[in-house]
Amino acid sequence: MSSIVLFGPPGAGKGTQAQRITGHTGYPQISTGDMLRAAVTAATPVGLEAKSFMEQGLLVPDQVIIDLIADRLKHDDAKSGVMFDGFPRTVPQAQALSSIIQISHVIAIDVPDDAIVERICGRITCGTCGTVYHERFQPVPKDGCSCGNYVESRRSDDNEEVVRSRLETYHSQTSPLADYYINKGIFHKIDGHRNIDEITSEILSILS
Ligand code: ADP
Ligand code: ADP
């Protein structure tokens, strides 16, 4: 089994691209951010531990994340490969992952910091199906979300103050991980500061 990692700063478009690409690869999208938010909502022990880190834009401790992923990868739908979105975010997470599964491609979506704040502060999500939209850049269609039951949802950490902290965390703790994957020869950097369709096409051509 070989799997894909979508890598990049908060708001780079990892989730947006993952939702478009899973249909082509057949790999399920595994987002540690989504898993953690579900755990916070359900007030599980993991959620209770993660909540304050997430509110401050800090990383949740590696061991919590590694255990979460190890459990998730035991599910049947993960047997032939998965698409990670927002994981791994540190070198220890990547090292732990390498002992469980093989990564074939790391797609790094590159977006300058000044574009990130605007993307994050305008992000909206359908609370029913999880489709990601943007107030200006990717508006909800006039006839509503394709799931038929659009409910607008916004993340509590999608505000300017927490975004600045998430960007700092990204530059200090996550971007050093690029070298780890560059050294393995599987790192593909793409320009994420352009049209969503163009980015999807480039990712699909890399994967083929
Ligand atoms: P991430 O998963 O990397 O945090 P998202 O996929 O949630 O990022 O995208 C963040 C926000 O930016 C969303 O509101 C999304 O609609 C918007 N977005 C994604 N890709 C682009 C793009 N290429 N151009 C403009 N806006 C985008
Ligand atoms: P983003 O839109 O910033 O890419 P995510 O939804 O991926 O956001 O993550 C939201 C928050 O969840 C992060 O700010 C962090 O606190 C936590 N988180 C998500 N994935 C990880 C991870 N792999 N390691 C540590 N913390 C994580």
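About the cut-offs
- Residues numbered from 1 in each chain as written.
- Chains lettered and ligands numbered in written order.
- Predicted model: local features only at pLDDT ≥ 70, side-chain atom pairs only at ≥ 80, totals over all residues.
- Heavy atoms only, no water.
- Buried < 20%, exposed > 50% of the residue type's maximum accessible area, 1.4 Å probe, protein only.
- Helix = DSSP H or I, 4+ residues; strand = E, 2+ residues; numbered from the N terminus.
- Pairing = 2+ DSSP bridges.
- 1 Å grid on protein atoms, 1.4 Å probe; cavity = no way out; pocket = protein on both sides within 12 Å on 5 of 7 lines; lining within 4 Å.
- Points joined across faces, edges and corners; volume = space filled by probe spheres on them.
- Nonpolar A, V, L, I, M, F, W, Y, C, P; charged D, E, K, R; others polar.
- Salt bridge = Lys/Arg side-chain N within 4 Å of Asp/Glu carboxyl O.
- Arc of directions from axis to C-beta.
- Contact = heavy atoms within 4.5 Å.
- Axes fitted to C-alpha atoms, helices over the stretch in contact; angles between N-to-C directions.
- Parallel < 35°, antiparallel > 145°, perpendicular 65-115°, else oblique.
- Left-handed = near helix turned anticlockwise from the far one by under 90°.

Draft legend 1. Structural context of the pairing of strand β5 (residues 123-126). What you see with β5 is no split at all: Arg123 and Thr125 on one side and Ile124 and Cys126 on the other are buried throughout. Here 2 bridges tie β5 to strand β7 (residues 152-153), and the two strands are oriented antiparallel to one another. Across the sheet, the residue bridging to Thr125 is Ser153, located in β7.

Draft legend 2. Structural view of the layout of surface pockets. Space inside the second largest pocket adds up to approximately 190 Å³. Pro9, Ile109, Asp110, Tyr170 and Lys189 are, among the 14 residues lining the second largest pocket, the residues nearest its centre. Looking at the lining of the second largest pocket, the element that brings in the most residues is strand β4 (residues 102-110), giving 3 residues. Taken together, the residues that form the lining of the second largest pocket break down as 8 nonpolar, 3 polar and 3 charged.

Draft legend 3. Main features of the pattern of salt bridges. Counting across every chain of the model gives 18 salt bridges. For Arg20, the salt bridge is made with Asp197, and the minimal N-O distance between the two is 2.8 Å. Of this pair, Arg20 sits in helix α1 (residues 14-25) while Asp197 sits in helix α9 (residues 196-207); the two residues are 177 residues apart in sequence, bridging distant segments of the chain. For Arg20, a relative accessible area of 31% puts it in the partly exposed group.

Draft legend 4. Layout of helix α3 (residues 45-56). What α3 keeps buried is the set Gly47, Ala50 and Met54. Projection of α3 onto a plane perpendicular to its axis shows the buried side chains occupying an angular sector of 75°, all on one side. Opposite the buried face of α3, at more than 90 degrees from it, the exposed residues are Pro45 and Leu48. Of the surrounding elements, those touching the buried residues of α3 are α2 (32-41) and α7 (160-174). Of the residues flanking the end of α3, it is Gly57, one or two places downstream, whose phi is positive at about 75°.

Draft legend 5. Just the packing of helix α6 (residues 113-121) against α7, in detail. Two numbers describe how α6 lies on α7: the axes approach to 10 Å, and their chain directions differ by 135°. Relative to α7, α6 is oriented oblique. You can see that α6 and α7 cross each other, and the crossing is right-handed. Two secondary-structure elements touch here, α6 through Asp113, Ile116, Val117, Ile120 and Cys121 and α7 through Glu160, Val163, Arg164, Arg166, Leu167 and His171. Residue classes in the contact of α6 with α7 are distributed as 6 nonpolar, 1 polar and 4 charged.

Draft legend 6. Quick look at the sheet that holds strand β6 (residues 132-134). Strands sit in the order β6-β5-β7 across an open sheet of 3 strands; the sheet is antiparallel. If you trace the sheet from one side to the other, it starts and ends with β6 and β7, each paired once. Judged from the 3 bridges that link them, β5 and β6 form a sheet pairing that is antiparallel. Each bridged residue has a counterpart across the sheet, and for Arg123 the counterpart in β6 is His134.

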